[in-house]
Amino acid sequence: MDLTSFSAGAQHIAGRVVTGSGDERFRVVNPADGSTVEEVVLASPADVDAAVDAARAALPEWSRATPGTRAEALGRLAGVLADHAEEFARVETAQTGKPIKLSTEFDVPGTIDNTAFFAGAARNLEGKAAGEYSGDHTSYVRREAIGVVGSISPWNYPLQMAAWKILPAIAAGNTIVLKPAELTPLTSLMFAAACTEAGIPDGVVNVITGAGRTAGEHLVSHPAVSMVSFTGSTAVGKRVAELATATVKRTHLELGGKAPFVVFDDADLEAAVHGAVAASLINSGQDCTAATRAYVQRPLYDAFVAGVADLYAAVRLGDPRNPQTDLGPLVSFAHRDRVAGFVERARRDGATVVTGGGTGTKGHDGSDLTLGAYHQPTLITGAAQDSEVVQGEIFGPVLVVLPFDSDEEGLRLANDTPYGLAASAWTRDVHRSLRATREIAAGCVWVNDHIPIISEMPHGGYKASGYGKDMSQYSLDEYTQVKHVMYDTTAVARKDWHRTIFGDR
Ligand code: NAD
């Protein structure tokens, strides 16, 4: 089956590809050269309603299907995704500009592994043991699906984010309507087509392509949607939570990040330098967990800055389709200008741009970088802790390095932003690492590494980075509700506890 049927329409509703009924068209652009990848008709509120209706209609059968049946369907889905791995990687790179080696070796295999994980997890919903806790009753819990989930995803890892939203929701027996980011809807539509190909019943997974303000807000406010799961910026997350509150929906928010990278003076310097380069440049820095603020203890500071600057200069910018390219363009020209604005304002405010800071002209492969949304890896020092470049989410290939003296100061600075998604500590001292992992307020703290994720472990934020977990068994808690069922075991009409309301013992 050809999963790229989005050419025929950009909505996947009730197992079918349909054209949106809205009058707005949207050009999905390849940011490497500004060419058109696809032109789609955006969803109207009526399309959102149709998708929610389809999800509602599919809910009774899917939520009552045995865990084994759902697991089998997800297992088949993992197979379909693997069969189309190359196609997914190609389209993901075209719509985002991410290097093909990242799509091929990270995004697509990560999504297949996640699917295989949730096939197993579907059969492992857990709860407290049934028992006679009162002495007079048998109690047990049922873990039940919530209903129709409305999900909204961002553009940085379109395929993985679609998978992170869809898989735990449907593994737990919910049905879903996903709205991917306008810029990058194509692999989410392909994922929905793969679900249909895998025999997941029509209406269980629906994808609508639409704008945030119209289709997104309509979905989040829809009275038949019982839960909203959102991944995106903190500003939009707040708006989504506000809208969801009006109809008392459960919310799950995965928001922005500004991950600190703390290097203590006993760290392996070479490992820290290589780690900082990879963790700050992954996906051109458009990664919510990317290393963005390196705090380096004074004795290692100069060598760390020099080491990162050297490696940044060796990074190969170029055509993302070239397997040798390390760094492609940012997702759009508007976003590239936004990133450049952060760098310019930092420079104006007195920070030093040690390397990078521009857009570049010629790629390692001779490609003309001026045609795309490129931005060079950029290393900044001398910024103030309270400056925009240290506090705000830049979401680009920009690393700020700051020195610290005592361990207490390093950990205090690491915690000094509104965000709390991820962080890393670099040290060979077990006591320092234990202290750092305890003190840093973030949903994930790595020690001597920064970025790896695995399907078995939870991903989610503290503080303004949101709440709720993606991936892992923990995500199933988000997408289920627990019901206490209590049976009387005494069979007496006048129960002992009634005396507290009327009569005597
Ligand atoms: P964004 O917040 O601009 O958009 C995210 C999604 O929300 C898009 O689908 C968009 O169409 C939709 N949207 C916009 N306005 C809306 C509204 N008023 N109502 C409903 N939906 C609306 O984010 P982005 O620029 O696409 O993605 C980058 C952001 O995502 C960064 O802040 C990044 O940190 C965050 N992110 C977080 C995680 C995580 O796990 N915490 C993962 C990936 C990305």
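Fair warning: this is a prediction, and the values are worked out from it, not measured in the lab.

## Concerning the nonpolar core
In terms of nonpolar packing, the biggest core is built from 55 residues, with Leu77, Ile170 and Phe191 touching the most fellow members. Of all the secondary-structure elements, those providing two or more residues to this core are helix H1 (45–64), helix H2 (67–83), helix H3 (85–96), helix H4 (100–121), helix H5 (158–171), strand E7 (175–179), helix H6 (186–197) and strand E8 (205–207). Each residue touching leucine 77, except ones within four places of it in the same chain, is listed here: Thr115, Leu167, Phe191, Ala194, Cys195, Ala198 and Ile200. Counting 36 residues, the second-largest nonpolar core is a separate cluster that includes Trp164, Ala276, Leu399 and Met471.

## With respect to the pattern of salt bridges
Across all of its chains, the model carries 25 salt bridges by this definition. In this structure, aspartate 326 and arginine 316 form a salt bridge, with 3.0 Å as the shortest nitrogen-oxygen distance. Of the two residues, aspartate 326 is situated in the loop between helix H10 (298–314) and helix H11 (333–348) and arginine 316 in the loop between H10 and H11; the sequence distance between them amounts to 10 residues. Look at the salt bridges and you will find they share partners, linking Arg213, Glu217, Arg239 and Glu242 into a network.

## Overview of the UniProt feature "active site" (unreviewed entry) in the chain
According to UniProt, the positions carrying the feature "active site" (unreviewed entry) are Glu254. Its place among the elements puts glutamate 254 in strand E10 (residues 250–254). A relative accessible area of 3% places glutamate 254 in the buried class. Setting aside anything within four residues of it in sequence, one finds glutamate 254 in contact with Lys165, Phe230, Thr231, Gly232, Leu421, His459, Gly460, Gly461, Ser465, Gly468, Lys469 and Asp470.

## Points about the packing of aromatic side chains
Across all of its chains, the model carries 7 aromatic pairs by this definition. Both rings, one in phenylalanine 117 and one in phenylalanine 118, keep their centres 5.0 Å apart while their planes meet at 80°; by these two values the pair is edge-to-face. Taken as a pair, phenylalanine 117 and phenylalanine 118 share a single burial class, namely buried. Ring centres of phenylalanine 264 and phenylalanine 404 lie 5.9 Å apart, and the angle between their planes is 85°; this geometry places the pair in the edge-to-face category. Of this pair, phenylalanine 264 sits in the loop between strand E11 (259–263) and helix H9 (269–281) while phenylalanine 404 sits in strand E15 (residues 398–404), and the two are 140 residues apart along the sequence. Overall, the relative accessible area of 0% leaves phenylalanine 404 in the buried class. Grouping aromatic residues by their ring pairs yields a cluster made of Phe261, Phe304 and Trp426. Geometry around phenylalanine 342 places arginine 345 over its ring, the cationic atom sitting 5.3 Å from the centre.

## A short note on the sheet that holds E11
Working definition: the strands of a sheet are paired by backbone hydrogen bonds and lie parallel or antiparallel to each other. Read across the open sheet, the 7 strands follow the order E13-E14-E15-E12-E11-E17-E18; overall the sheet is mixed. Each edge of the open sheet carries a strand with a single partner, namely strand E13 (352–355) and strand E18 (444–447). When the angles between neighbouring strand axes are averaged without regard to direction, this sheet yields 25°. Where strand E12 (residues 291–297) meets E15, 5 bridges bridge the pair, whose relative direction is parallel. The residue of E15 that forms the bridge with tyrosine 295 is leucine 402.

## Focus: the domain arrangement of the chain
If you check the domain split of the chain, you get domain 1 (11–255 + 465–484) and domain 2 (259–447). Placing a centre on the C-alpha atoms of domain 1 and another on those of domain 2 gives a separation of 30 Å. Each side of the interface is counted separately: domain 1 has 24 residues, and domain 2 has 30 residues. Summing both sides of the interface, domain 1 and domain 2 together bury roughly 2000 Å²; the carbon and sulfur share of this comes to 59%. It is Pro31, Trp155 and Ser465 in domain 1 that bury the most area against domain 2; as a group they hold 25% of the surface buried on that side. At the junction of domain 1 with domain 2, the criterion picks out 1 salt bridge. Measuring nitrogen to oxygen at the nearest pair gives 2.6 Å for the salt bridge that ties lysine 101 to aspartate 326. Inspection of the region where domain 1 meets domain 2 yields 9 residue pairs in polar contact (both at pLDDT 80 or more). Every element with two or more residues in the side of domain 1 that touches domain 2 is listed here: H3 and H4. Here the side of domain 1 that touches domain 2 takes 4 residues from H4, the largest share from any one element. For the side of domain 1 that touches domain 2, a count of residues per class yields 10 nonpolar, 9 polar and 5 charged.

## Overview of H1
Taking 1.5 Å as the rise per residue, H1 with 20 residues should run 28 Å; its terminal C-alpha atoms sit 29 Å apart, in good agreement. At alanine 58, H1 shows its largest bend, some 45°, and a proline, proline 60, comes one to four positions later. When we look at burial in H1, the residues that qualify are Asp47, Val48, Ala51, Val52, Ala54, Ala55, Ala58, Leu59 and Trp62.

Criteria and cut-off values
Residues numbered from 1 in each chain as written. Predicted model: local features only at pLDDT ≥ 70, side-chain atom pairs only at ≥ 80, totals over all residues. Heavy atoms only, no water. Core = buried A, V, L, I, M, F, W, Y, C linked by side-chain atoms within 4.5 Å. Buried < 20%, exposed > 50% of the residue type's maximum accessible area, 1.4 Å probe, protein only. Helix = DSSP H or I, 4+ residues; strand = E, 2+ residues; numbered from the N terminus. Contact = heavy atoms within 4.5 Å. Salt bridge = Lys/Arg side-chain N within 4 Å of Asp/Glu carboxyl O. UniProt positions renumbered as here; feature names shortened; annotations may be inferred. Phe/Tyr/Trp six-rings, centres within 6.5 Å; stacked < 30°, edge-to-face > 60°. Lys NZ or Arg CZ within 6 Å of the ring centre and 35° of its normal. Pairing = 2+ DSSP bridges. Axes fitted to C-alpha atoms, helices over the stretch in contact; angles between N-to-C directions. Domains from an automatic or database assignment. Buried area = accessible area lost by both parts, 1.4 Å probe. Polar contact = N/O pair within 3.5 Å; in protein donor to acceptor, adjacent residues only side chain to side chain. Nonpolar A, V, L, I, M, F, W, Y, C, P; charged D, E, K, R; others polar. Expected span 1.5 Å × (residues − 1). Bend = angle between axes of the 7 residues up to and from the residue.

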